[in-house]
Structures are given as C-alpha cells and as structure tokens.
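# Results of the structural survey
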Amino acid sequence: MTFAGISLEHKQQVLGELSLIKQQFAAKNWFPGTSGNLSMRVGEFDPEAFYFAITASGKDKSLTTPEDFLFVDKSGRAVETTSLKPSAETQIHCEIYRLTGCGAVFHVHTIFNNLISEWFGEAGAVPAQGIELIKAFNIWEENAPISIPVLPNYADIPRIAELVEGALNPAVPGILLRNHGIYAWGKNAFEAKKHLEAFEFIFEYLYRSMLLQNSAAPLTLDGRR
Ligand SMILES: CSCCC(=O)C(=O)COP(=O)(O)O
Ligand SMILES: [Zn+2]
C-alpha cells in the first residue's frame, strides 16, 4: 500500500493509462508550447478525501519520462515526496473533481477552442445545435441545443476555480476558459477523452460553419454565383 491505502498496482495502472492518453493527444498537437494538463483520480471518490495523478507543471508533454506525473490530494498538495510541481492549474482540477465526482479531467489548448471561446466569451457560453456529436455527451434528443460555459481567463487560477461551481452545466461535461483552452471530464479516462474529442469536433464545426455563412453568396444550381 502507498498513500491512503492506494495499491502500487492501481497507481501504476493509472499512470500507464494517463501516459498513453498524453502520447495520443501530443500526436494531435494538443500540447503546444508545454500547454495543457491531464489528471486521473486514484481510488474511490469521497468529497472529503480524494486523490489524483496530474501532469507536472511546465513539462514538454510530447515526451514520456519518469517525471511526467505526481499524485496530489483534494487540495492539490503532493501526497508523496517529490521535486515535481503539480500543474499550475491543479486548483481547477480539484474543483471539477469535488463538484462532479468524475474520474478524469483533461485540459488542452487548441486553435479552435481558443477562437470559439473568444468569439462567445462576452456571452459567457457557446451555443451549439444540431451537431451529431453531442451524442458523445449522452444527449439523444433530436436537434437538442447545448450551451458550453466560458469562464474569464484570469491570471490568478484560484479566482477561476471559484467560478467553476456557478458555471457548471450538468448536461455538458466541459468548461472553456476564454482564449485559453478547454477542460473536459468524464467518469473515467475513456469517457473524458471521448468528451474532449467531441468538444473539439464541435468547435471546429462551429468555426467552419460561421466561415461558410459569411462567405460569398451561395452557388446557384448551375454552379455559378
Ligand atoms: C504554457 S501555457 C500556460 C499554462 C497553461 O495554461 C497550461 O495549460 C499548462 O500549465 P502546466 O502548469 O499544467 O504545465
Ligand atoms: Zn492551460
């Protein structure tokens, strides 16, 4: 046993899963300039005491090293002796776990999530409707509208973390930070990854559909403008 009765085998299984996902996201160029952070809970969820593995701060996340992750408690404090620093955005992960009881939280910066969060930043939410991939969020209603919250991108992370509770949309497992990136979560790493991929599809779809709507007059039936 290690901290809080968590077995070494369970810790290693979590680190293996996170490491694989980190490599998969890096292959999509989802960690430009050391941005992004990933976490996965270890052990059962208890709002009073939970633990998770999280990426160390400031690392090149396209590399795989023995110093990629560390374990923290519900306050974001390291629970084992380490020289590693947890992600600068650990407080946001803590708040998402506390409020949702989820099993994994993934954060990436992409061009599409930045552009869309900025475009709708003033409104405080991104509206989307009629996009098939909302089924990834377990929304099966035909043509259902969804609303993805956007929080301000304060430099002071605890200031952002305290806004998470008021912004959560129980139907939508994600929150955007304006002109910064997205946090997506799920009951486990598989689900959090599925949700993140669906969000990124939706952002690219919205971006391209806005471009199309603003492009030149539609073609006539014979292909001329
Ligand atoms: C280099 S991007 C600025 C920090 C950030 O937004 C991020 O996602 C990465 O921070 P971390 O401390 O998790 O490496
Ligand atoms: Zn970030």
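What you see is a predicted model, and the numbers here were worked out from it, not measured in a lab. (Residues numbered from 1 in each chain as written. Chains lettered and ligands numbered in written order. Predicted model: local features only at pLDDT ≥ 70, side-chain atom pairs only at ≥ 80, totals over all residues. Heavy atoms only, no water.)

## Regarding the pairing of strand 6 (residues 145-151)
To be explicit about the condition: Note on exposure labels: buried denotes an accessible area under 20% of the residue type's maximum, exposed denotes more than 50%, and partly exposed covers the range between, all computed with a 1.4 Å probe on protein chains only. Segments assigned H or I by DSSP are reported as helices when at least four residues long, segments assigned E as strands when at least two residues long, and all are numbered from the N terminus. Only strands joined by at least two bridges in the DSSP assignment are considered to pair.
Burial analysis of strand 6 places five of its seven residues in the buried class, the great majority of the element. In this sheet, strand 6 lies alongside strand 5 (residues 125-129) in antiparallel orientation, the contact comprising five bridges. Bridge assignment links alanine 125 to a residue of strand 6, and that residue is proline 149. In terms of strand pairing, strand 6 meets strand 7 (residues 174-177) through two bridges, oriented parallel.

## As for the confidence of the model for the protein chain
Our working definition: Each residue carries a pLDDT value, the predictor's own confidence for that position, ranging from 0 to 100.
In this model, the protein chain carries an average pLDDT of 96, and 96% of its residues clear a pLDDT of 70 or more. Scored as a complex, the prediction yields pTM 0.96 and ipTM 0.99.

## Side note on the coordination of the zinc ion (ligand 2)
Selection criterion: Coordination partners: N, O, S within 2.8 Å of the metal, 3.2 Å for Na, K and Ca; water not considered, so apparent gaps in a site are possible.
On the protein side, the zinc ion (ligand 2) has Glu89 (OE), Glu89 (OE), His107 (NE2), His109 (NE2) and His180 (NE2) as donor atoms, found 2.1 to 2.8 Å from it. Going along the chain, you hit the donors of the zinc ion (ligand 2) in the pattern E-x17-H-x1-H-x70-H. Of this pair, glutamate 89 sits in the loop between strand 3 (69-73) and helix 2 (90-100) while histidine 109 sits in the loop between strand 4 (104-108) and helix 3 (111-119), placing them 20 residues apart in sequence. For histidine 109, a relative accessible area of 21% corresponds to the partly exposed category.

## Some thoughts on unusual backbone geometry
A positive phi angle is found at asparagine 138, which is not glycine, with a value near 70 degrees. Looking at where asparagine 138 falls in the secondary structure, it is placed in the loop between strand 5 and strand 6. Look at asparagine 143: it is not a glycine, yet its phi comes out positive at around 60 degrees. For asparagine 143, the location among the structural elements is in the loop between strand 5 and strand 6.

## Let's talk about the UniProt feature "binding site: Zn(2+)" (unreviewed entry) in the protein chain
Definition in use: UniProt positions are given in the numbering used here, feature names are shortened, and annotations may be inferred rather than shown by experiment. Contact between two residues is taken to exist if any of their heavy atoms lie within 4.5 Å; hydrogens are not considered. N or O atoms closer than or at 3.5 Å make up a polar contact, with two conditions inside protein: a donor-capable atom paired with an acceptor-capable one, and, for residues adjacent in sequence, both atoms drawn from side chains.
Following the UniProt record, the feature "binding site: Zn(2+)" (unreviewed entry) maps to His107 and His109 here. Inspection of the secondary structure assignment puts histidine 107 in strand 4. Contact partners of histidine 107, with chain neighbours within four places excluded, come to Phe31, Gly36, Asn37, Leu38, Glu89, His180, Gly181, Ile182 and Tyr183. There is a polar contact of 3.1 Å between the side chain of histidine 107 and the side chain of histidine 109. Once you skip the residues sitting within four places of it in the chain, histidine 109 turns out to touch Trp30, Pro32, Ser35, Gly36, Asn114, His180 and Gly181.

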